[in-house]
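A closer look at the structure
One letter stands for each residue in the lines below.
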Amino acid sequence: MFWAALVFALGIMGGTYVAHPPNWWLAVAVILAFASLCFRERWTDIARGLCLIAMFSVGAFVMEVRPPLNPGTEILPYSNHQSVTIIAHVVREGDWQERGRGEIRQLLDLETEAVSVGGKSLPVRAGVRLGIYASDDSSVPVTFRYGQRLQCVTKLSPPHNFRDPGVFDYKAYLNENGIAVLGSTKTDEIHALPGFVGNRLEQWRARAHRSVIGMIHALWRPAEADLIDAMMIGDESFVSHE
């Protein structure tokens, strides 16, 4: 698994810096995977090597077919801290986390469908990172999942960087992940809408991701589980600054 993960990562790098048609990478992966099956009985080492090269091709193929992320700058005129109503769907889900002072938060990445200001609704497609806040003494809040359509009242603001030399470029990081603005709301100001927006493959991936996190948190203590999440599957949502 380690070598498979390593060559898959190298394949992602290869797909980033070496441009080839996606069908080329896919054809190489299929041919090498078939060849490894043919050699697995007599030449085990050769079969393993071919399988690893196939994993490299799969990583490159994934990068080639990944759609470009567009954060959607047309939403920026509404990010002046005024209250707006947005209709959006979840593109990246998150679980509820304790934030201290009797407060818990769920962090979602959304893609907007429409923005309403002053009773006027306009179609706007943009990425929003939304924090939903609730009190610990309230009833168990609803956990929103990938593909769900939502309507909420929020105040939007553009992300900003600190001006310290060498500081992490938070704004560029969000833009690379398709996020143009930040927002926050409370549980009583957000409502689920009927319908599903997304693809079933990504829904399956999100479900598998959620299952892995659940097993990790069942096996390790909270602080250790947070670190294992970040190390194994790159989920840093539970990691504290310390």
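**Some points on helix α1 (residues 2-17)**
Between its first and last C-alpha, α1 extends 23 Å over 16 residues, near the 22 Å set by a 1.5 Å rise per residue. Along α1, the positions that sit buried rather than exposed are V7, G11, G14 and G15. Buried positions in α1, seen along its axis, are confined to an arc of 95 degrees and lie on one side of it. Turned more than 90 degrees off the buried face of α1, the exposed positions are F2 and Y17.

**As for the pairing of strand β3 (residues 103-117)**
Note: strand β1 (residues 83-92) against β3, seven bridges, orientation antiparallel. Following the sheet pairing, I87 is matched in β3 by A114. As defined by bridge partners, β3 adjoins strand β4 (residues 120-122) across three bridges and the pair is classed as antiparallel. Looking at β4, one finds that V115 is bridged to L122.

**Concerning the side chain of S79**
In this fold, S79 is placed in the loop between α3 (44-65) and β1. We classify S79 as buried; its relative accessible area is 8%. Engagement of the side chain of S79 in a polar contact is seen with the backbone oxygen of L76, the distance being 2.6 Å. Every residue in contact with S79, bar those within four places of it in the chain, is listed here: L156, S157, P158 and V181.

**Description of the environment of L130**
Here L130 lies in strand β5 (residues 127-135). On the basis of relative accessible area, L130 is assigned to the buried category, the value being 0%. With 53 residues separating them along the chain, L130 and G183 place their C-alpha atoms 4.7 Å apart. Excluding its chain neighbours within four sequence positions, the residues that come into contact with L130 are Q106, L107, L108, L110, C152, T154, G183, S184, T185 and I190.

**Side note on a nonpolar patch on the surface**
There is a patch of nonpolar side chains on the surface, built from F2, W3, L6, L10, M13, Y17 and V18 and spanning about 800 Å² of accessible area. Among the secondary structure elements, V18 is positioned in the loop between α1 and α2 (22-39).

**Here we look at the pattern of salt bridges**
If charged atoms from side chains of opposite charge come close, those side chains can pair. Throughout the structure, instances matching the rule amount to seven salt bridges. Salt-bridge contacts for E93 lead to R145; the nearest nitrogen and oxygen are separated by 3.4 Å. With E93 in the loop between β1 and β2 (96-100) and R145 in the loop between β5 and β6 (148-157), this residue pair connects regions lying 52 residues apart in the sequence. Since its relative accessible area comes to 16%, E93 is described here as buried. Close ionic contact of D109 with R129 constitutes a salt bridge, the shortest N to O distance being 2.7 Å. Taken as a pair, D109 in strand β3 and R129 in strand β5 lie far apart in primary sequence, 20 residues in all. Each of the salt bridges in this network shares a partner with another, and the network as a whole consists of E93, R145 and R210.

Basis of the calculations
Residues numbered from 1 in each chain as written. Predicted model: local features only at pLDDT ≥ 70, side-chain atom pairs only at ≥ 80, totals over all residues. Heavy atoms only, no water. Helix = DSSP H or I, 4+ residues; strand = E, 2+ residues; numbered from the N terminus. Expected span 1.5 Å × (residues − 1). Buried < 20%, exposed > 50% of the residue type's maximum accessible area, 1.4 Å probe, protein only. Arc of directions from axis to C-beta. Pairing = 2+ DSSP bridges. Polar contact = N/O pair within 3.5 Å; in protein donor to acceptor, adjacent residues only side chain to side chain. Contact = heavy atoms within 4.5 Å. Patch = residues over 30% accessible without salt bridge, like charges linked within 9 Å, V, L, I, M, F, W, Y side chains within 5 Å. Areas by Shrake-Rupley, 256 points an atom, 1.4 Å probe, with all protein chains shown as cover. Salt bridge = Lys/Arg side-chain N within 4 Å of Asp/Glu carboxyl O.

Just geometry here; none of it tells us what the structure is for.
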